[in-house]
Amino acid sequence: MGAHGVLPEEQDRAQPFEVDLDLEVDLSKAGRSDALGDTVDYGAVAEAVAGVVGGTHSDLLEHLAQRIAEAALAAGAPLASAVTVTVRKLRPPVALDLSSAGVTVRRQAAPESGA
């Protein structure tokens, strides 16, 4: 639940959102080791994403998706190399009978500097 959107009623009351997240991670080490420390803590990623959705207001779904991508990459660091985020506003306030409206963005992690 979050209060995102341009309309005044979207800014005043929380609405349901659905987020799909695909992290790109080299999981070969975890596949061999079966060790939790060799993979991404998906619970931490989910908490970071929930914090963004339930946090500071965004007018646009595009902006919300960008913020979610940044949070997911930070929570998945240093193993996450990219993320694809789909954000859907369920029951959007439009004149048509839509079950959802959404956007999908793909972002890459900033390369690590070797300096």
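Residues numbered from 1 in each chain as written. Predicted model: local features only at pLDDT ≥ 70, side-chain atom pairs only at ≥ 80, totals over all residues. Heavy atoms only, no water.

Trainee: Can you explain the pattern of salt bridges? Please cite residues and give values.
Mentor: Side chains carrying opposite charge are able to pair once their charged atoms draw close together. Under the counting rule described, the total for this entry stands at four salt bridges. Salt-bridge contacts for Arg88 lead to Glu18; the nearest nitrogen and oxygen are separated by 2.7 Å. On the criterion of sequence distance, the pair formed by Arg88 in strand β2 (residues 80–90) and Glu18 in strand β1 (residues 17–25) is long-range, its members being 70 residues apart. Glu18 gets classed as partly exposed once you look at its relative accessible area, which sits at 34%. Across the salt bridge formed by Arg106 and Glu24, the nearest N and O atoms sit 2.9 Å from each other. With a gap of 82 residues between them, Arg106 in strand β3 (residues 100–108) and Glu24 in strand β1 connect regions that are remote in the sequence. On the basis of relative accessibility, which here comes to 41%, the residue Arg106 falls in the partly exposed class. In this structure Glu24 comes out as partly exposed when scored by relative accessible area, which is 32%. Three or more residues are tied together by salt bridges with common partners; here these are Glu18, Asp20 and Arg88. (Salt bridge = Lys/Arg side-chain N within 4 Å of Asp/Glu carboxyl O. Helix = DSSP H or I, 4+ residues; strand = E, 2+ residues; numbered from the N terminus. Buried < 20%, exposed > 50% of the residue type's maximum accessible area, 1.4 Å probe, protein only.)

Trainee: Please set out the confidence of the model for the protein chain residue by residue, giving values where relevant.
Mentor: Of the residues in the protein chain, 97% have a pLDDT of 70 or more, and the chain-wide mean is 91. For the protein chain, the element scoring lowest by mean pLDDT is helix α1 (residues 8–12), at 79; helix α4 (residues 61–76) scores highest, at 97. (pLDDT = per-residue confidence, 0-100.)

Trainee: Break down a nonpolar patch on the surface for me, with residues and values.
Mentor: Taken together, the side chains of Val94, Leu96 and Leu98 define a hydrophobic patch exposed on the protein surface, amounting to about 280 Å² of accessible area. By relative accessible area, Leu96 is classed as exposed at 63%. (Patch = residues over 30% accessible without salt bridge, like charges linked within 9 Å, V, L, I, M, F, W, Y side chains within 5 Å. Areas by Shrake-Rupley, 256 points an atom, 1.4 Å probe, with all protein chains shown as cover.)

Trainee: Talk me through the environment of Phe17; I want residue IDs and the actual numbers.
Mentor: Along the polypeptide, Phe17 turns up in strand β1. When its relative accessible area of 13% is taken as the criterion, Phe17 is described as buried. Along the backbone, Phe17 and Ala3 are 14 residues apart, and their C-alpha atoms lie at a distance of 9.5 Å. The residues contacting Phe17, other than those within four sequence positions of it, are Gly2, His4, Val53, Leu61, Leu64, Val87, Arg88 and Lys89. (Contact = heavy atoms within 4.5 Å.)

Trainee: Can you tell me about the packing of helix α3 (residues 42–53) against α4, naming the residues and giving the values?
Mentor: If you want to describe how two helices pack, look at the angle between their axes and the distance between the axes. Between α3 and α4, the shortest axis-to-axis distance is 9 Å and the interhelical angle comes to 155 degrees. Between α3 and α4, the angle is such that the two are roughly antiparallel. Once α3 is placed against α4, the crossing between them reads as right-handed. Residues Ala44, Val45, Ala48, Val49, Val52 and Val53 of α3 form the contact with α4, whose participating residues are Leu64, Arg67, Ile68, Ala71, Ala72, Ala75 and Gly76. For the contact of α3 with α4, the per-class residue count stands at eleven nonpolar, one polar and one charged. (Axes fitted to C-alpha atoms, helices over the stretch in contact; angles between N-to-C directions. Parallel < 35°, antiparallel > 145°, perpendicular 65-115°, else oblique. Left-handed = near helix turned anticlockwise from the far one by under 90°. Nonpolar A, V, L, I, M, F, W, Y, C, P; charged D, E, K, R; others polar.)

Trainee: Before we move on, can you summarise α4 with the specific residues and values?
Mentor: Taking 1.5 Å of rise per residue, 16 residues should cover 22 Å, and α4 covers 22 Å from first to last C-alpha, within 8% of that figure. Buried within α4 we find Leu61, Leu64, Ala65, Arg67, Ile68, Ala69, Ala71, Ala72, Leu73 and Gly76. (Expected span 1.5 Å × (residues − 1).)

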